[in-house]
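Each chain is listed here by its residues.
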Amino acid sequence: MEISILGYKCSKCGTIHYPNRAICRKCRNEQFTVEPLPDKGKLLTFTHLYNPSGDFDVAILDLAIVELSNGVRITGQMKIDKPEIGMKVVGKIEKVRKSGFQSFKGMVFYKA
Amino acid sequence: MKEVYVVGIGITKFSRLEYPLIEIAAYPSIMAMKDCGLSSVDHVYVANMGGSRLSHQTALGSALVDHLSLYPAGAETIENGPASGASAIKQGYMAVASGVHDVVMVTGVERMREANSLEATDFVASLAHPLAEQIYGVTLPSMAGMFTRLYMNKYGVTSKHLAMVAIKNHDNAMFNPNAHLRMPITMEGILTGPEASTNNPFVADPLRFFDMCPVSDGGACLILATKEVAKKSKRPMIRLAGVGQATDTHCVHERENPTDLPAVRGAAEKCFKMAGFKAKDVDVAELHDAFTILEIVESEEVGFFKKGEGHLALEKGYTSLKGKLPINPSGGLKAKGHPVGATGVGQAHEIVTQLRGEAGERQVKDAKTGFTCNFGGFGNNVVALAFQKEK
């Protein structure tokens, strides 16, 4: 089964929320439809986080905020050698964290 | 509404404290009661963020009432992340201003050093969005790192400016016997010298080790009361003139303008409106510099300087102890320390000490008005307080 990350589109004003909330922040409507978020976007900002917690088996964890092609922004991990603000990126859904017997999937960004 | 005064204050050293959580809360509370000569209060508010997780203790308000034998006073524990302290002061303000109570105790406390630094960072990161931020390993330092990169790109802030904040606040902490990091640092030692990258490695680039506050234990207490009680206490009349609070999106990525902190702006605006004076009238301020960048940005958002010009004011020395508007004379979170639940009360403690003229070598001359900004989340819940000295 293909996994996707879902945006929550207000059925009244069309604002797409990520993550979900119960009431639209623009028009206060309570009805939403879900749609997969696009995988392409541009790098808004990033950091190299040194010595992340034990759930991440890397010494340096690269984190980013990306503005997707539909204007929605998302936080994710990043695997890019020389990242630059504004560069085009593409997201893939991969395992991002392992905590005990639990693992989590989320968005990992690569150079487009 | 009744006017509200700070009649008693107390504080522990911010450091590693080898005492149980309740003792760290009790010490500054007893100090504050002795400061104003009161032996009973109507209500106790305890500000704390991590007692349940780090010390396996909840219901700290009830525990403090018992420890200090203050029954049958009412009691609550207030949790609002790193802004818990100022939130509790706001609750105390409302209780006295409304006439429900005449005297309330507000104690902030945190014991974080029993966890290792990764556990402590992970605990604070629990305020991030579970599914959209936490699963990726987002921590507060990483949020600050991403924010700083954007700010540098847009406004020309450099690593040198950030180091200047750290150096200034470490220098101030040298005059504060209760500060956690009482050690002077130099530009050469942390940024420009040959050993700088060893002394000051990246934590969440572009932020380095000395851009971060320490993990501290500590407690602080304010006793708030009506004007009638304050007059009887015979302590300097310091009025809690304004309280303001504002919120923003849980996820940092949802902010409309990612280099703005509108909750800081909103909290300050409400606070000044209530206080009846403006940002330009403030003589001394304590801003929430958990990361050096935050002192610069908050100094703009609360209205001390124009947007994008906070680092220029810093360069000119406006915010140093002898400058036009000293910021963080206590050493700030950066060097005084950041026991999260106690921080907002500690900021207020410093301002009251300054307005009383009891700050010793770090005294800001003729300070009559003071301001604090206590920053919760990464700017999603901010509480601002304004204080004024009366004759």
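Look up: the structure comes first, before these words.
Each chain has its residues counted from 1, following the order in which its sequence is written. Here every chain gets a letter starting at A, and every ligand a number starting at 1, in the order they are written. Totals for whole chains, interfaces and linings use every residue, but because this is a predicted model, local features are given only for residues with pLDDT of at least 70 and side-chain atom pairs only at 80 or more, for both listing and counting. The basis for the side-chain values is all heavy atoms of the structure; hydrogens and waters are excluded.

By the criteria applied, helices consist of DSSP H or I runs no shorter than four residues and strands consist of E runs no shorter than two, each listed in order from the N terminus. The secondary structure content of chain B amounts to 15 helices and 11 strands. Here the radius of gyration uses the C-alpha set of atoms, whereas the globule reference equals 2.2 Å times the residue count to the power 0.38. In terms of C-alpha radius of gyration, chain B reaches 19 Å, essentially the compact-globule figure of 21 Å for 391 residues. Per-residue burial for chain B yields a buried fraction of 66% across its 391 residues. Put simply, of all contacts in chain B between residues at least 6 apart along the chain, 77% involve residues at least 24 apart. Surface accessibility follows the Shrake-Rupley procedure with a 1.4 Å probe radius. Residue values consider only the protein chains on display as shielding. Entry remark: accessible area of chain B is about 13900 Å², with carbon and sulfur atoms responsible for 53%. Here chain B contributes 39 positively and 41 negatively charged side chains, and the mean placements of these two sets differ by 7 Å. Throughout, exposure labels follow a simple rule: accessible area from a 1.4 Å probe, protein chains only, divided by the maximum for the residue type, with under 20% read as buried, over 50% as exposed, and the rest as partly exposed. Should any heavy atoms of two residues lie within 4.5 Å, those residues are considered in contact. All tallies of charge rest on Lys and Arg as positive and Asp and Glu as negative; His and the ends of each chain are not included. Just so you know, the charge point we use is NZ for Lys, CZ for Arg, CG for Asp and CD for Glu.

Glancing now at the sheet that holds strand E1 (residues 6-10) of chain A. On the basis of which strands lie adjacent, the open sheet formed by 3 strands has the order E2-E1-E3 (chain A) and antiparallel pairing. Every interior strand has two partners, whereas the edge strands, strand E2 (16-17) and strand E3 (32-36) of chain A, have only one. Two strands are said to pair when DSSP picks up at least two bridges between them.

Let us look at the packing of aromatic side chains. Residue and element names in this part refer to chain B. Any two rings among Phe, Tyr and Trp, with Trp reduced to its six-membered ring, count as a pair given centres within 6.5 Å; such a pair is stacked if its planes are under 30 degrees apart, edge-to-face if over 60, and tilted if neither. By the definition in use, this model includes 9 aromatic pairs over all chains. An angle of 65° between the planes, with centres 5.5 Å apart, marks the rings of Phe147 and Phe378 as edge-to-face. Remark: Phe378 occurs in the loop between strand E10 (369-376) and strand E11 (381-390) and Phe147 occurs in helix H6 (residues 140-155); sequence separation between them is 231 residues. Each member of the aromatic cluster is reached from another via a ring pair, and the members are Phe147, Tyr151, Tyr155, Phe375 and Phe378.

A separate point is the interface of chain B and chain A. Between chain B and chain A, the contact holds 30 residues from the first and 33 residues from the second. Note on definitions: buried area is the accessible-area loss of two parts on being combined, 1.4 Å probe, summed for both. Of the roughly 2600 Å² buried between chain B and chain A on both sides combined, carbon and sulfur atoms contribute 58%. Three residues, B:Tyr136, B:Met146 and B:His253, lead the burial of chain B against chain A; their summed loss comes to 29% of the area buried on that side. Whenever a carboxyl oxygen of Asp or Glu lies within 4 Å of a side-chain nitrogen of Lys or Arg, that contact is scored as a salt bridge. On the surface where chain B and chain A come into contact, there are 2 salt bridges. Put simply, B:Glu254 and A:Arg21 hold a salt bridge, and the shortest N to O gap is 3.0 Å. In protein, a polar contact means a hydrogen-donor-capable atom and an acceptor-capable atom, both N or O and within 3.5 Å, with residues adjacent in sequence counting only if both atoms are side-chain atoms; elsewhere, any N or O pair within 3.5 Å suffices. At the boundary of chain B and chain A, one finds 15 residue pairs in polar contact (both at pLDDT 80 or more). Sorting the residues of the side of chain B that touches chain A by element identifies helix H5 (117-124), H6 and strand E5 (202-204) of chain B as the ones contributing at least two each. Considering each element in turn, the side of chain B that touches chain A owes the most residues, 6 residues, to H6(B).

On to the side chain of B:Glu350, then. All names here are of chain B. Relative to the assigned elements, Glu350 resides in helix H15 (residues 340-356). The exposure class assigned to Glu350 is buried, which follows from its relative accessible area of 1%. Those residues in contact with Glu350 that sit more than four places away from it in its chain are Asn176, Glu286, Pro329, Ser330, Lys336 and Arg362.

All names here are of chain B. Ordered in space as E3-E2-E4-E7-E1-E8-E11-E10-E9, the 9 strands form an open sheet in which the pairing is mixed. Both outer strands of the open sheet, strand E3 (74-78) and strand E9 (284-287), are each paired with one neighbouring strand and no more. Adjacent strand axes in the sheet meet at a mean angle of 25°, parallel and antiparallel pairs treated alike. Judged from the 8 bridges that link them, strand E4 (residues 103-110) and strand E7 (residues 218-226) form a sheet pairing that is antiparallel. Between the N-to-C directions of two axes lies an angle of 0 to 180 degrees, each axis being a line fitted to C-alpha atoms and, for a helix, fitted only over the stretch in contact.

Turning our attention to the side chain of B:Thr249. Within the secondary structure, B:Thr249 is located in the loop between strand E8 (237-247) and helix H11 (262-275). Look at B:Thr249 and you get buried, because its relative accessible area is 8%. A polar side-chain atom of B:Thr249 sits 2.8 Å from the main-chain carbonyl oxygen of B:Cys251. A polar contact is formed between the side chain of B:Thr249 and the side chain of B:Arg255, at a distance of 2.9 Å. Sequence-distant contacts of B:Thr249, that is, excluding residues within four places in its chain, are made with A:Arg25, B:Glu254, B:Arg255 and B:Asn380.

Residue pairs spaced three or four apart in an α-helix point in one direction, given the helix's 3.6 residues per turn. Here H6(B) spans 22 Å end to end across 16 residues, near enough to the 22 Å set by a 1.5 Å rise per residue. Here H6(B) lies mainly inside the structure; 13 of its 16 residues are buried. A helix is expected to reach a length of 1.5 Å times the quantity of its residues less one.

Only buried residues count toward a nonpolar core, which is a set of Ala, Val, Leu, Ile, Met, Phe, Trp, Tyr and Cys residues joined through side-chain atoms within 4.5 Å. Ranked by internal contacts, the top residues of the largest apolar core, which has 89 residues, are A:Ile74, B:Phe291, B:Ile293, B:Phe304, B:Phe371 and B:Phe378. Counting residues in each nonpolar core, the second largest holds 36 residues, with B:Phe14, B:Ala47, B:Ala86 and B:Val345 among its members.

This paragraph deals with the environment of A:Pro52. Tracing the chain through its elements places A:Pro52 in the loop between strand E4 (40-50) and strand E5 (60-68). In this structure A:Pro52 comes out as buried when scored by relative accessible area, which is 11%. Setting aside anything within four residues of it in sequence, one finds A:Pro52 in contact with A:Val58, A:Ala59, A:Ile60, A:Leu61 and B:Leu118.

In this section: the state of the cysteines. Pairs of cysteine sulfur atoms within 2.5 Å are what we label disulfides. This model, assessed by the stated rule, comprises 0 disulfides over all chains. This cysteine, B:Cys221, is not joined by any disulfide, and B:Cys36 carries the nearest cysteine sulfur, 8.5 Å off. With relative accessibility at 0%, the residue B:Cys221 sits in the buried group. Looking at the unpaired B:Cys251, the closest cysteine sulfur is the one in A:Cys24, lying at 16 Å.

Spanning 14 residues, H11(B) covers 20 Å between terminal C-alpha atoms, matching the ideal 20 Å at 1.5 Å per step. Buried-residue contacts for H11(B) involve E8, helix H12 (292-301), E10 and E11 of chain B.

With that settled, the discussion passes to the pattern of salt bridges. Following the criterion strictly, the structure yields 25 salt bridges over all chains and no others. When the shortest N-O distance is used, the salt bridge between B:Arg255 and B:Asp248 registers 3.2 Å. We classify B:Asp248 as partly exposed; its relative accessible area is 22%. Its salt-bridge partner being B:Glu358, residue B:Arg356 comes within 3.7 Å of it at the nearest N-O pair. One continuous salt-bridge network, built from bridges that share partners, spans A:Asp55, A:Arg97, B:Arg53 and B:Asp122.

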